[in-house]
Amino acid sequence: MTLMFFNGGAMRGEPLHHLLDGSPFVSTAKTAPKYRFYAVGEQCPALYPVSHGGAEVVGEVYDVSLDDLRDKVLPSEPHELELGVVELADGSSAFAMLLRRPYTSHVALRDITEVGDWRAYKASV
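Presented here is a report on the structure given in the accompanying data block.

Cut-offs applied
- Residues numbered from 1 in each chain as written.
- Predicted model: local features only at pLDDT ≥ 70, side-chain atom pairs only at ≥ 80, totals over all residues.
- Heavy atoms only, no water.
- Helix = DSSP H or I, 4+ residues; strand = E, 2+ residues; numbered from the N terminus.
- Rg over C-alpha atoms; globule rule 2.2 N^0.38 Å.
- Salt bridge = Lys/Arg side-chain N within 4 Å of Asp/Glu carboxyl O.
- Buried < 20%, exposed > 50% of the residue type's maximum accessible area, 1.4 Å probe, protein only.
- Phe/Tyr/Trp six-rings, centres within 6.5 Å; stacked < 30°, edge-to-face > 60°.
- Contact = heavy atoms within 4.5 Å.
- Pairing = 2+ DSSP bridges.

1. Focus: the overall build of the protein chain
Stage number 1. Per the secondary structure count, the protein chain includes two helices and eight strands.
Stage number 2. If you list the helices and strands of the protein chain from N to C, you get β-β-β-β-β-α-β-β-β-α.
Stage number 3. Here the C-alpha radius of gyration of the protein chain, 13 Å, is about what a compact globule of 125 residues would show, namely 14 Å.
Stage number 4. The principal-axis extents of the C-alpha atoms in the protein chain amount to approximately 35 × 30 × 30 Å.

Right, here's the structure in full:
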């Protein structure tokens, strides 16, 4: 079982959800309040771990096979993101896409931590 937390375009009803065909939905979830949340060029969300000043971020957890992670999910991610592990609100861990460290892209970041939900943010812009 490879649990992965998604908080953007691969969630149910979003344009990249087809990448998760065959991956069982596990639950809706929130991260532990240890992350800043960014809109990367207004195209995708990104989590960034912090020691303080973070917030919970809304998402969905799926059981993704390593083959699907390698062949479908990771190739579709923008180069501003990298695979990492996040802590969920219940204390468990899951893979997730994080803002690449150090951030070397020229794509603008907008801090949307106070919103904490990609869908809510997209609906507000």
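Continuing now.
2. So, the pattern of salt bridges
Stage number 1. Scanning all chains against the criterion turns up 12 salt bridges.
Stage number 2. Between Glu60 and Arg12 there is a salt bridge, and its shortest N-O distance comes to 3.1 Å. In this pair, Glu60 sits in strand β5 (residues 58-63) while Arg12 sits in the loop between β1 (3-6) and β2 (25-30), placing the two residues 48 residues apart along the sequence.
Stage number 3. The partly exposed category is assigned to Arg12, whose relative accessible area is 39%.
Stage number 4. Close ionic contact of Glu87 with Lys34 constitutes a salt bridge, the shortest N to O distance being 2.5 Å.

3. Description of the packing of aromatic side chains
Stage number 1. On inspection of all chains with the given rule, the structure shows three aromatic pairs.
Stage number 2. Between Phe25 and Tyr62, the aromatic rings sit 5.4 Å apart at their centres with planes inclined by 70°, giving edge-to-face as the arrangement. Here Phe25 is found in strand β2, whereas its partner Tyr62 is found in strand β5, with 37 residues between them in sequence.
Stage number 3. Looking at Phe25, the relative accessible area reads 34%, which means it is partly exposed.

4. Quick notes on the side chain of Thr31
Stage number 1. Within the secondary structure, Thr31 sits in the loop between β2 and β3 (35-40).
Stage number 2. Overall, Thr31 belongs to the buried group, its relative accessible area being 0%.

5. Observations regarding the environment of Val57
Stage number 1. Within the fold, Val57 resides in the loop between β4 (44-49) and β5.
Stage number 2. Between the alpha carbons of Val57 and Pro33 there is a distance of 7.6 Å; along the sequence they are 24 residues apart.
Stage number 3. In this structure Val57 touches Phe5, Asn7, Ala29, Lys30, Thr31, Phe37, Leu47 and Gly116, once residues within four positions along its chain are discounted.

6. What to know about the pairing of β4
Stage number 1. As defined by bridge partners, β3 adjoins β4 across six bridges and the pair is classed as antiparallel. Each bridged residue has a counterpart across the sheet, and for Ala39 the counterpart in β4 is Pro45.
Stage number 2. Taking the residues between adjacent antiparallel strands as the criterion, β3 and β4 are bridged by three residues, where Gly41 takes a positive phi near 55°.

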